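# Structural overview
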Amino acid sequence: MELKVLGQDTPAAPSPGGGCASSGCGGNSDHLAHLPEAIREKVHNHPCYSEEAHHHYARMHVAVAPACNIQCHYCNRKYDCANESRPGVVSELLTPDQAVTKVMAVAASIPQMTVLGIAGPGDPLANPERTLSTFRQLSEKAPDIKLCVSTNGLALPALVDELCQHNIDHVTITINCVDPEVGAQIYPWVFWNNRRIRGVEGAKILIEQQQKGLEMLVERGVLVKVNSVMIPGVNEEHLKEVSEVVKAKGAFLHNVMPLIAEAEHGTFYGIMGQRGPTHAELQALQDECAGDMNMMRHCRQCRADAVGLLGEDRGDEFTMDKIAEMEIDYGKAMETRKQVHEAIEADREAQRQRAGQCFVSLTELGGVARKETRPMLMAVATEGHGLINQHFGHAREFLIYEASATDVRFIGHRKVDLYCSGGDTCGDAETALQKTIRTLEGCEAVLCSKIGFEPWGMLEEAGIMPNGEHAMEPIEEAVAAVYREMAKDGRLDAQAPETLRMRA
Amino acid sequence: MAFKIIEGCVNCWACEPLCPSQAIYEAQPHFLTDARKCTECEGDFLHPQCATICPIEGVILDGVGLAVNPPGSLTGIPPERMAAAMAEIQAR
């Protein structure tokens with residue numbers, strides 16, 4: 001294997017937006033670097049579209065859209081649940097006016113908040129008045145916040161022009177299929193032209209509208225992300241075709257997400273025992289689709305009322321009764337937000353510079369051991385800012401990185417407490433710690449700010465090296481450093497046991 | 001004859017704007033129909049609109065008190081399968 005010396009083997013001139021356009025570059029954690037400048041400008045501080053941005057910037061969803069015009073087999077329309085975290089679930093439904101007040105309150109309290117999305121709990125475009133009224137007010141009152149909407153696409157063609165009037169430049173369409181026969185196994189019915197249309201016929205209408213809506217958005221210069229739910233045995237092979245089709249039509253990012261299906265959610269798939277994909281299956285499909293387009297791997301499948309950084313939910317701090325007691329000076333808040341965003345950008349730029357240097361030093365390996373070293377997976381505990389800054393025991397999720405002799409690649413995240421905290425679904429005597437360790441299967445090291453004595457021993461026993469030596473360091477830099485140490489020690493010479501790699 | 005919304009309605013608002021007679025109104029704990037206004041969509045639509053978009057089985061009754069969308073008809077989950085799953089969860 002060749003060890004690339006960054007900045008020598010590729011003529012990657014730093015672009016005005018910062019970062020490096022070469023795909024093997026440590027500074028390019030975003031995988032968006034090859035996009036046109038105009039698009040990068042739009043997404044560089046959008047936590048849902050930019051992997052790097054999601055360490056720094058927060059988002060929020062307001063639950064103003066309860067109605068839906070289709071049924072999906074992974075959804076249960078009894079959406080009100082405090083314990084579950086999955087799309088389509090909320091605690092408190094808001095009117096557009098309440099939503100606007102909430103957005104202003106959150107934006108003033110969490111200055112890192114850059115994005116407001118309407119995502120449900122139904123389909124935002126099946127509630128056009130509530131959704132558009134929210135956007136209309138926000139584009140006037142909070143002009144520094146990006147507005148986005150996600151939809152199943154059925155009502156999209158009819159509403160594209162109105163959406164464009166409200167300054168919405170990001171739309172997510174959930175497209176699980178382009179073949180009505182596949183669609184009939186995912187969507188039992190759609191509501192169309194005042195009729196409930198079932199089976200293949202219904203799926204065909206949905207697919208036609210989704211594709212038409214995608215084309216219309218792209219024509220109008222709106223950025224489109226496509227979400228797809230990977231359902232083993234139903235659409236996992238088919239999603240490769242979906243990826244090709246949506247890319248050809250101009251979607252700029254494809255987000256393949258795992259099916260969430262538990263009996264206690266009361267969904268068709270949950271009750272009927274349809275399983276979700278394993279980490280390995282999801283990653284393999286994402287890798288295959290990535291050949292075609294930008295692949296998103298950091299999606300947390302948020303609730304329709306989530307608030308905060310991806311992976312965290314501060315919704316409880318902003319219930320309507322708590323907001324009523326807050327005093328908000330939005331003009332002042334906008335100033336603060338601007339300063340905070342500038343500081344974040346300076347911080348990101350510094351991290352990029354350091355990561356670049358770090359990757360050059362990775363090549364020093366060449367002098368130490370000429371032997372080929374294999375790639376490996378590491379888990380990282382972080383609270384944000386792109387740093388190793390979380391105690392192992394406090395982590396509710398771990399970010400997974402693949403390190404190799406040439407680069408560090410973000411692979412995805414793994415949640416520790418699973419989607420429903422309402423009941424114990426994972427068997428008898430397994431402790432929380434054992435569950436966490438099982439979640440980290442396939443990883444060979446875990447990086448955190450601190451770790452207790454007991455988990456240390458259990459991790460070691462499970463073949464996962466705990467490491468607390470890189471506290472407060474940038475993630476990619478630390479991952480590269482640990483990889484380097486392990487390579488020096490000769491622990492990465494041989495191929496990893498097949499089972500270990502496969503389960504990653 | 002009039003349609004009726006009963007317990008189990010999740011207040012999703014889907015039906016309210018579709019009603020050609022403005023017979024549906026927001027109420028607690030769930031939406032209700034005004035029996036004096038409801039026409040069962042006679043003369044306006046082939047299918048009664050509230051029951052045609054409603055995603056929850058069993059919560060809209062027709063003029064003779066029968067569920068327009070009986071268990072299993074919207075989700076595709078066989079009622080016995082649902083009952084077995086619920087019993088299993090309760091027993092945990």
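Overview of the structure.

Cut-offs and rules
- Throughout, a residue's number is its position along its own chain's written sequence, starting from 1.
- Each chain is given a letter, starting from A, and each ligand a number, starting from 1, according to the order in which they appear as written.
- Totals for whole chains, interfaces and linings use all residues, but because this is a predicted model, local features are given only for residues with pLDDT of at least 70 and pairs of side-chain atoms are given and counted only at 80 or more.
- Note that the side-chain values use all heavy atoms of the structure and ignore hydrogens as well as water.
- Runs of H or I in DSSP of at least four residues are treated as helices and runs of E of at least two as strands, each being numbered from the N terminus.
- Accessibility here uses a 1.4 Å probe with only protein chains present; expressed as a share of the type maximum, an area under 20% marks a residue as buried, one over 50% as exposed, and anything in between as partly exposed.
- Working rule for contacts: check all heavy atoms of both residues, and any pair within 4.5 Å makes them a contact.
- To measure how exposed things are, a 1.4 Å probe is used in the Shrake-Rupley method; for residues, cover is taken only from the protein chains shown.
- Within this scheme, the nonpolar core is defined by two criteria: the residues are buried Ala, Val, Leu, Ile, Met, Phe, Trp, Tyr or Cys, and they are joined through side-chain atoms within 4.5 Å.
- Criterion used throughout: strands pair if DSSP finds at least two bridges between them.
- To get an axis, a line is fitted to the C-alpha atoms, and for a helix only the part in contact is used. The angle between two axes follows their N-to-C directions and goes from 0 to 180 degrees.
- An angle counts as roughly parallel when it lies under 35 degrees, as roughly antiparallel when it exceeds 145, as roughly perpendicular when it falls between 65 and 115, and as oblique in every other case.
- For any helix crossing, the convention is left-handed if the near helix is rotated counterclockwise from the far helix by under a right angle, and right-handed if that rotation is clockwise.
- Under the convention used throughout, the expected extent of a helix is 1.5 Å for every residue step, that is, one less than its residue count.
- Two aromatic rings, drawn from Phe, Tyr or Trp (for Trp, its six-membered ring), form a pair once their centres lie within 6.5 Å of each other, and the interplanar angle then sorts them: stacked below 30 degrees, edge-to-face above 60, tilted otherwise.
- Two parts placed together each lose some accessible area under a 1.4 Å probe, and the buried area is that loss summed for both.
- Salt bridge, as used here: a side-chain nitrogen of Lys or Arg that lies within 4 Å of a carboxyl oxygen of Asp or Glu.
- Classification used: nonpolar for Ala, Val, Leu, Ile, Met, Phe, Trp, Tyr, Cys and Pro, charged for Asp, Glu, Lys and Arg, polar for all others including Gly.

Now for the overall build of chain B. Along the backbone of chain B there are two helices and four strands. Traced from its N-terminal end to its C-terminal end, chain B shows the element sequence β-β-β-α-β-α. Each of the 92 residues in chain B was classed as buried or not, and the buried ones make up 40%. When contacts within chain B are restricted to residue pairs at least 6 apart in sequence, long-range pairs at least 24 apart make up 45% of them. Total accessible area computed for chain B in this model is approximately 5,100 Å², and 58% of it derives from carbon and sulfur atoms.

On to the overall build of chain A, then. The helix and strand inventory of chain A stands at 16 helices and 15 strands. Summarising the internal contacts of chain A: among those between residues at least 6 apart in sequence, 73% fall at separations of at least 24. Carbon and sulfur atoms make up 50% of the accessible area of chain A, which amounts to about 20,400 Å² in all.

All names here are of chain A. Grouped together as the largest cluster of nonpolar side chains are 58 residues, with contacts concentrated most on Val-62, Leu-116 and Ile-145. By residue number, the principal contributor to this core is helix H2 (residues 96–109), which donates seven residues. Ile-197, Ile-207, Leu-253 and Met-257 belong to the second largest nonpolar core, which has 38 residues in total.

On to the sheet that holds strand E9 (residues 253–258) of chain A, then. Residues and elements named next belong to chain A. If you trace the seven strands from one edge of the open sheet to the other, you get E9-E8-E5-E4-E3-E1-E10, paired in mixed fashion. Every interior strand has two partners, whereas the edge strands, E9 and strand E10 (307–308), have only one. Note that strand E8 (residues 223–230) and E9 share six bridges and pair parallel. Opposite Asn-227, over in E9, you have Asn-255 as the bridge partner. Here helix H3 (residues 128–141) sits on the sheet and contacts strand E3 (113–118) and strand E4 (146–151); the angle it forms with E4, its principal contact strand, is near 170 degrees. Across the sheet, helix H6 (residues 199–219) lies against strand E5 (170–174) and E8, angled at about 165 degrees from E5, the strand it touches most.

Time to look at the packing of helix H13 (residues 432–439) of chain A against helix H14 (residues 453–461) of chain A. All names here are of chain A. Relative to each other, H13 and H14 sit at 40 degrees, their axes nearing to 11 Å. Comparing their axes, H14 and H13 come out oblique. Considering only the axes of H13 and H14, their crossing is right-handed. On H14, the residues touching Leu-433, Gln-434 and Ile-437 of H13 are Glu-454, Pro-455, Met-458 and Leu-459.

With that settled, the discussion passes to the sheet that holds strand E7 (residues 195–198) of chain A. All names here are of chain A. Judged by pairing direction, the sheet is antiparallel, and its three strands sit side by side in the order E2-E6-E7 without closing on themselves. Two strands lie at the open edges of the sheet, namely strand E2 (70–71) and E7, each paired on one side alone. Where strand E6 (residues 189–192) meets E7, four bridges bridge the pair, whose relative direction is antiparallel. Paired with Phe-191 across the bridge in E7 is Arg-196. This element, H6, spans E2, E6 and E7 of the sheet and lies at about 105 degrees to E7.

Now for the pairing of strand E1 (residues 58–61) of chain A. Residue and element names in this part refer to chain A. Covered by surrounding structure in E1 are Ala-58 and Met-60 together with Arg-59 and His-61, the residues of both alternating faces. Of the pairings in the sheet, the one linking E1 to E10 comprises two bridges and is antiparallel in character. Bridge pairing in E10 links Met-60 to Val-307.

Attention shifts here to H2 of chain A. An ideal rise of 1.5 Å per residue puts 20 Å on 14 residues; H2 of chain A measures up with 20 Å between its terminal C-alpha atoms. Here H2 of chain A has its buried residues at Pro-96, Ala-99, Val-100, Lys-102, Val-103, Met-104, Ala-105, Val-106 and Ala-107 of chain A.

A few words now on the packing of aromatic side chains. Residues and elements named next belong to chain A. A full pass over the atoms with the stated rule returns four aromatic pairs over all chains. Centroid distance Phe-392 to Phe-398: 5.5 Å. Interplanar angle 40 degrees. Geometry classified as tilted. Comparing Phe-392 with Phe-398 shows no difference in burial state: the two are buried. Judged by centre distance (5.3 Å) and plane angle (65 degrees), the ring pair of Tyr-401 and Phe-410 falls under edge-to-face. Residue classification places Phe-410 among the buried positions, given a relative accessible area of 2%.

Next up on the list: the interface of chain A and chain B. Taken together, the contact pairs 28 residues of chain A with 28 residues of chain B. Overall, the association of chain A and chain B removes approximately 2,100 Å² of surface from exposure, summing both partners, and the carbon and sulfur fraction of that is 62%. Interface area lost by chain A to chain B is led by Asn-194, Arg-196 and Ile-271 of chain A, which between them contribute 25%. Taken together, the links from chain A to chain B amount to one salt bridge. Two residues, Arg-92 of chain B and Glu-264 of chain A, come together in a salt bridge whose shortest N-O distance is 3.3 Å. Counting only elements with at least two residues in the side of chain A that touches chain B, the list comes to E6, E7 and helix H8 (268–272) of chain A. Considering only residue class, the side of chain A that touches chain B consists of 12 nonpolar, eight polar and eight charged.

Glancing now at unusual backbone geometry. Across the chain, the bulk of peptide bonds are trans and the bulk of non-glycine residues have phi less than zero. For the bond running from Gly-120 of chain A to Pro-121 of chain A, omega is 15 degrees, close enough to zero to count as cis. Topologically, Pro-121 of chain A is positioned in the loop between E3 and H3. With omega at 0 degrees, the peptide bond leading from Gln-28 of chain B into Pro-29 of chain B counts as cis. Located in the positive-phi region is Glu-40 of chain B, a residue other than glycine, with phi close to 55 degrees. With respect to the helices and strands, Glu-40 of chain B occurs in the loop between strand E3 (32–33) and helix H1 (49–53).

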